[in-house]
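# Geometric and topological summary
Chain by chain, the residues run as shown.
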There are 2 protein chains.
Amino acid sequence: MDRPPTTFSQQPMTDTETKITQAQSAALDLANLDEKTRNDALHAIADAIEAHSEEILEANAADVEEAEKLLEAGEYTQAFVDRLKLSESKLESIAEMVRSVAGQEDPLGKTLEARRLDEGLELYKLSVPIGVLGTVFESRPDALVQIAALSLKSGNAVILKGGSEAAESNRVLYEIICEAAQEVPEGWAQLIEAREDVATLLERDDAVDLLMPRGSSAFVEYVQDNTSIPVLGHTEGVCHVYVDADADLSMAEDVAFDAKVQYPAVCNAVETLLVHESVAEEFLPAMADRYREAGVELRGDERAREIAEMDAATDEDWTTEYGDLVLAVKVVDSLEAAIRHVNAHGSKHTESILTETAEHAEKFMRGVDAASVFHNASTRFADGYRFGLGAEVGISTGKTHARGPVGLDGLTTYKYHLEGDGQLVATYSGEGARPYLHEDFDGEWAPGRLSEE
Amino acid sequence: MDRPPTTFSQQPMTDTETKITQAQSAALDLANLDEKTRNDALHAIADAIEAHSEEILEANAADVEEAEKLLEAGEYTQAFVDRLKLSESKLESIAEMVRSVAGQEDPLGKTLEARRLDEGLELYKLSVPIGVLGTVFESRPDALVQIAALSLKSGNAVILKGGSEAAESNRVLYEIICEAAQEVPEGWAQLIEAREDVATLLERDDAVDLLMPRGSSAFVEYVQDNTSIPVLGHTEGVCHVYVDADADLSMAEDVAFDAKVQYPAVCNAVETLLVHESVAEEFLPAMADRYREAGVELRGDERAREIAEMDAATDEDWTTEYGDLVLAVKVVDSLEAAIRHVNAHGSKHTESILTETAEHAEKFMRGVDAASVFHNASTRFADGYRFGLGAEVGISTGKTHARGPVGLDGLTTYKYHLEGDGQLVATYSGEGARPYLHEDFDGEWAPGRLSEE
């Protein structure tokens, strides 16, 4: 008697369309898979990765061989090829990562709120999976395993689209994962491979609930501009460190150094150093020397270049994510000018003020619009693991759903469960309406048993 | 020394573009306006609406006069013209609504989490406004006041685009609101009026953080398809009531009646009634009589029509939001078939099961993918006020950010504040790395004072 789910098109489905529809169907079952089954599957995946290491490394060698040809042709960098390469020890750490995801607290089935609307009418807000995640990610083959593990832990079906450079590695890893996760509803993870498949993915707002693109800012913006599916992503990390008039300058030097040099390739590294004019002459020369010794190229505004030797910054420098040992430097008149500069040029990622004056910290932290605002700490702390969120999904520079470092909670939504015994809205409406109670209480949802019984 | 914020275009800004940029700038100040100033402004707005009632009613009369011409020409319905019409008592209830928004708990500045990453390194997750809301709403002039009030309460700047039918009323209300809210950063609310302005609004992803369209499903879908800004909206309300084999049939009759008849024009009214085959013969004839007496037109599948007299349902009926006294009726083989029907045809809004068996309720509530799932209660309870969320922003059928009835919390996001005393990531990395503590604690953020001092 029942019709199959409506599909978005009357034409025959392509292979990719079928995969997405299968994920949509699997998501409904996966949503209610108990915690033990999900965790057991994660452990089985970790074990299978270790057991099949030879097969994985063989496929990976084929990818690396192809990549090396393109390296010779000058199309790839050595760093790119290195990131692609797997090894026995790398596989062990990938397996460990999957086990650590299994060990995380369950993000599902939490009672977020419980409220008695009236005697015998109880509302529960429960955490549930989002549904189907559409992910597009970079060439590192560990990305596929990580994304699949986080999706499974959070009860979401997932469409996986990796880079073509890692095609062989991804295919083998995907097969191993699906085979190991036997108790998980079939079709929960789907691998798509061709570039055209991405366009198909972006069109499926009937089936895909959240897109998580990883890659260049340009790619994330392309995704945002070409889909009506919500996107959880991160465009740019143009982070600032502001050295206030009342900074402890020795602390400021250490923090500004750590924020740039400790790992410059990542999004939470500082890209622009702002220095209050009253401390610039004392602070900048020594700071510039220390940066220079570490190989950091400085690009300053006029006032900074009067104080220390550096190249001239152009307008473009204030909005550039270098991801490298390059730093823009600007001297500002005031705390307010620093806040204005950050709000005009920053990417709402992470901003840090160095000051010993609480009022200055407060003004900066309240005034700056960013996911993470720090006082006397390196911008590099903006990270899911360091924040104690456990496994990190990524860092979002959007302002809705999930912001900043995103943990497993960012892969959940909620569902309202209302337990009644036949209540009608008519009873609570119009003349002589029965009033609502609206009384919060501690309690867990238990179907069919109202809490006071 | 400081440059003005980068704008999205090098061409001269149009009037609408300037307004949006002004809202963006006001949002930064508005974000930190204290609770008392926001509430005082809301009370001033309520008072001003009462004080200027004559002016408002005069402007409204002009709108109504225009609308009546179009009513005569057959372009508008009487109901449409009635919704547009204000009165002295309607204005009083609008003013009361604004005061009740003022009386709501402050959604801002809540400490959602506090975690000690290490001694002297404390992370706080605080609720903050989203920034700039872009709203497009229907012709009822009270919508403008309600949206402006909710935005102000939640510290968000707002772009207001009302229907052209209410242009005069909206203009006067907007001016009264701006004049009354004198302590609020200028430019926090912006009125845009032309249809072309909507296209400009949808393009401004550099300035607008969340779009909240209200209106037809087609319009909400148009917005989703033509912007990269996140959209909080609600497409359709195709809600179901399922009468299980183990339902209390007298309760089921009352609930199914309330869900359709108590107010059929709204999104949480039921559109399809599903009945288990084992109770269909006992339940449907009386139910059909009761519906017919209330003027409900029934459209059934083959099995339903064998039991009670009704028109034949077409495929389209299973996915139609009638918003009227029309109801589709289907007899299903099993609980599982009911769940499958809802997941294939529903709009993820609100679904209700009538049953005395807890296991059946659990299976249905877990298995159905919808924002609200009810057991033995009318779908009409899916509403922000009834749920105890206070002021309602709307109902979202999306799965991310905010789902179901959305209160003021749905207009907030969060910001991470990290308080340190000079910590470097280098200390916590590599060989001999200092471990993290990651210890949750109860505490409020206080800038510059670490909690253990």
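As the structure is a prediction and not an experimental result, all values here were calculated from the model.

## Structural notes on the overall build of chain A
Counting secondary structure elements, chain A contains 14 helices and 17 strands. Dimensions of chain A, computed from C-alpha atoms along their principal axes, come out at roughly 80 × 70 × 40 Å. When burial is assessed residue by residue, chain A has 58% of its 453 residues classed as buried. In chain A, the proportion of contacts linking residues at least 24 apart, taken out of those at least 6 apart, comes to 72%. Surface summary for chain A: the accessible area is close to 18000 Å², and the carbon and sulfur share equals 45%. Mean positive and mean negative side-chain charge positions of chain A (38 and 88 charges, respectively) differ by 2 Å.

## Structural notes on the relation of the copies chain B and chain A
With an RMSD of 0.0 Å, chain B superimposes on chain A once it is rotated by 180 degrees and translated 0.0 Å along the axis. Interpreted geometrically, this transformation is the action of a two-fold axis. Closest approach to the rotation axis within chain B is made by the C-alpha atom of histidine 401 of chain B, at a distance of 1.8 Å. Most of the interface of chain B is mirrored in chain A, where 100% of its interface residues again form contacts.

## Brief notes about the packing of helix 2 (residues 35-51) of chain B against helix 7 (residues 167-180) of chain B
All names here are of chain B. Taken N-terminus to C-terminus, the directions of helix 2 and helix 7 make an angle of 135 degrees; their axes are 8 Å apart at the nearest point. Comparing the axis directions of helix 2 and helix 7 gives the class oblique. The handedness of the crossing between helix 2 and helix 7 comes out as right-handed. Between helix 2 and helix 7, the contacting residues are Ala44, Ile45, Ala48 and Ile49 on the first element and Ile176, Ile177 and Ala180 on the second. A breakdown of the residues in the contact of helix 2 with helix 7 according to their chemical character gives seven nonpolar, no polar and no charged.

## Brief notes about a negative patch on the surface
Together, Glu54, Glu55, Glu58, Glu88, Glu92, Glu175 and Glu179 of chain A make up a negatively charged patch on the protein surface. The set of elements that each furnish at least two residues to the negative patch consists of helix 3 (53-72), helix 5 (88-103) and helix 7 (167-180) of chain A.

## A word on the packing of helix 5 of chain A against helix 6 (residues 141-153) of chain A
All names here are of chain A. Close contact between helix 5 and helix 6 brings their axes to 9 Å; oriented N to C, the two are set at 15 degrees. Here helix 5 is positioned roughly parallel relative to helix 6, judged by the angle of their axes. Two packed elements cross with a definite hand, and for helix 5 against helix 6 that hand is right-handed. Packed against helix 5, whose contacting residues are Lys90, Ile94, Met97, Val98, Val101 and Ala102, the element helix 6 presents Asp142, Val145, Gln146, Ala149, Leu150 and Lys153 at the interface.

## Structural notes on the interface of chain B and chain A
Counting residues at the interface gives 89 residues for chain B and 89 residues for chain A. The interface formed by chain B and chain A holds two salt bridges in total. For lysine 399 of chain B, the salt bridge goes to aspartate 209 of chain A, with nearest N and O atoms at 3.8 Å. Applying the counting criterion to the chain B and chain A interface returns 47 residue pairs in polar contact (both at pLDDT 80 or more).

## A short note on the sheet that holds strand 4 (residues 157-161) of chain B
Residue and element names in this part refer to chain B. Strand order in the open sheet formed by four strands is 5-4-3-6, and the pairing between neighbours is parallel. The sheet terminates laterally at strand 5 (189-192) and strand 6 (210-213), the two strands that pair on one side only. Across the sheet, the axes of successive neighbouring strands diverge by a mean angle of 20 degrees, strand direction being ignored. As paired strands, strand 3 (residues 132-136) and strand 4 are joined by five bridges and run parallel to one another. The partner of leucine 133 across the bridge, within strand 4, is valine 158. Running over the sheet, helix 7 touches strand 4 and strand 5 and is turned about 165 degrees from strand 5.

## Observations regarding the pairing of strand 5 (residues 189-192) of chain A
All names here are of chain A. Alternating residues of strand 5 divide into Ala189 and Leu191 and Gln190 and Ile192, and every residue in both groups is buried. Bridging between strand 4 (residues 157-161) and strand 5 involves four bridges; their strand directions are parallel. The residue of strand 5 that forms the bridge with leucine 160 is leucine 191.

## Description of the domain arrangement of chain A
All names here are of chain A. By the assigned domains, chain A splits into domain 1 (15-225) and domain 2 (239-397). Computed from C-alpha atoms alone, the centre-to-centre distance between domain 1 and domain 2 is 34 Å. Between domain 1 and domain 2, the residue contacts involve seven residues of the former and six residues of the latter. Of the roughly 410 Å² buried between domain 1 and domain 2 on both sides combined, carbon and sulfur atoms contribute 59%. It is Gln104, Leu150 and Met212 in domain 1 that bury the most area against domain 2; as a group they hold 69% of the surface buried on that side. On inspection of domain 1 and its partner domain 2, the count reaches zero salt bridges.

## Things to note about the pattern of salt bridges
Residues and elements named next belong to chain A. Per the counting criterion, the structure on display carries 70 salt bridges over all chains. Residue arginine 99 is joined to aspartate 47 by a salt bridge in which the shortest nitrogen-to-oxygen separation is 2.8 Å. Here aspartate 47 lies in helix 2 (residues 35-51) and arginine 99 lies in helix 5, a separation of 52 residues in the sequence. The buried category is assigned to arginine 99, whose relative accessible area is 19%. For aspartate 47, a relative accessible area of 42% puts it in the partly exposed group. Here aspartate 289 and arginine 292 are joined by a salt bridge, their closest N and O atoms 3.2 Å apart.

## Topic: the pairing of strand 8 (residues 270-276) of chain A
Residue and element names in this part refer to chain A. Most of strand 8 is tucked away: seven of the seven residues are buried. Where strand 7 (residues 239-243) and strand 8 come together, five bridges link them in parallel fashion. Residue pairing across strands places valine 243 opposite valine 275, the latter belonging to strand 8. One ladder, built from five bridges, connects strand 8 with strand 11 (residues 326-332); its direction is parallel. Note on strand 11: the bridge partner recorded for leucine 274 is lysine 330.

Calculation rules
Residues numbered from 1 in each chain as written. Chains lettered and ligands numbered in written order. Predicted model: local features only at pLDDT ≥ 70, side-chain atom pairs only at ≥ 80, totals over all residues. Heavy atoms only, no water. Helix = DSSP H or I, 4+ residues; strand = E, 2+ residues; numbered from the N terminus. Buried < 20%, exposed > 50% of the residue type's maximum accessible area, 1.4 Å probe, protein only. Contact = heavy atoms within 4.5 Å. Areas by Shrake-Rupley, 256 points an atom, 1.4 Å probe, with all protein chains shown as cover. Lys, Arg positive; Asp, Glu negative; His and termini not counted. Charge placed at Lys NZ, Arg CZ, Asp CG, Glu CD. Least-squares fit on C-alpha atoms with pLDDT ≥ 70 in both. Axes fitted to C-alpha atoms, helices over the stretch in contact; angles between N-to-C directions. Parallel < 35°, antiparallel > 145°, perpendicular 65-115°, else oblique. Left-handed = near helix turned anticlockwise from the far one by under 90°. Nonpolar A, V, L, I, M, F, W, Y, C, P; charged D, E, K, R; others polar. Patch = residues over 30% accessible without salt bridge, like charges linked within 9 Å, V, L, I, M, F, W, Y side chains within 5 Å. Salt bridge = Lys/Arg side-chain N within 4 Å of Asp/Glu carboxyl O. Polar contact = N/O pair within 3.5 Å; in protein donor to acceptor, adjacent residues only side chain to side chain. Pairing = 2+ DSSP bridges. Domains from an automatic or database assignment. Buried area = accessible area lost by both parts, 1.4 Å probe.

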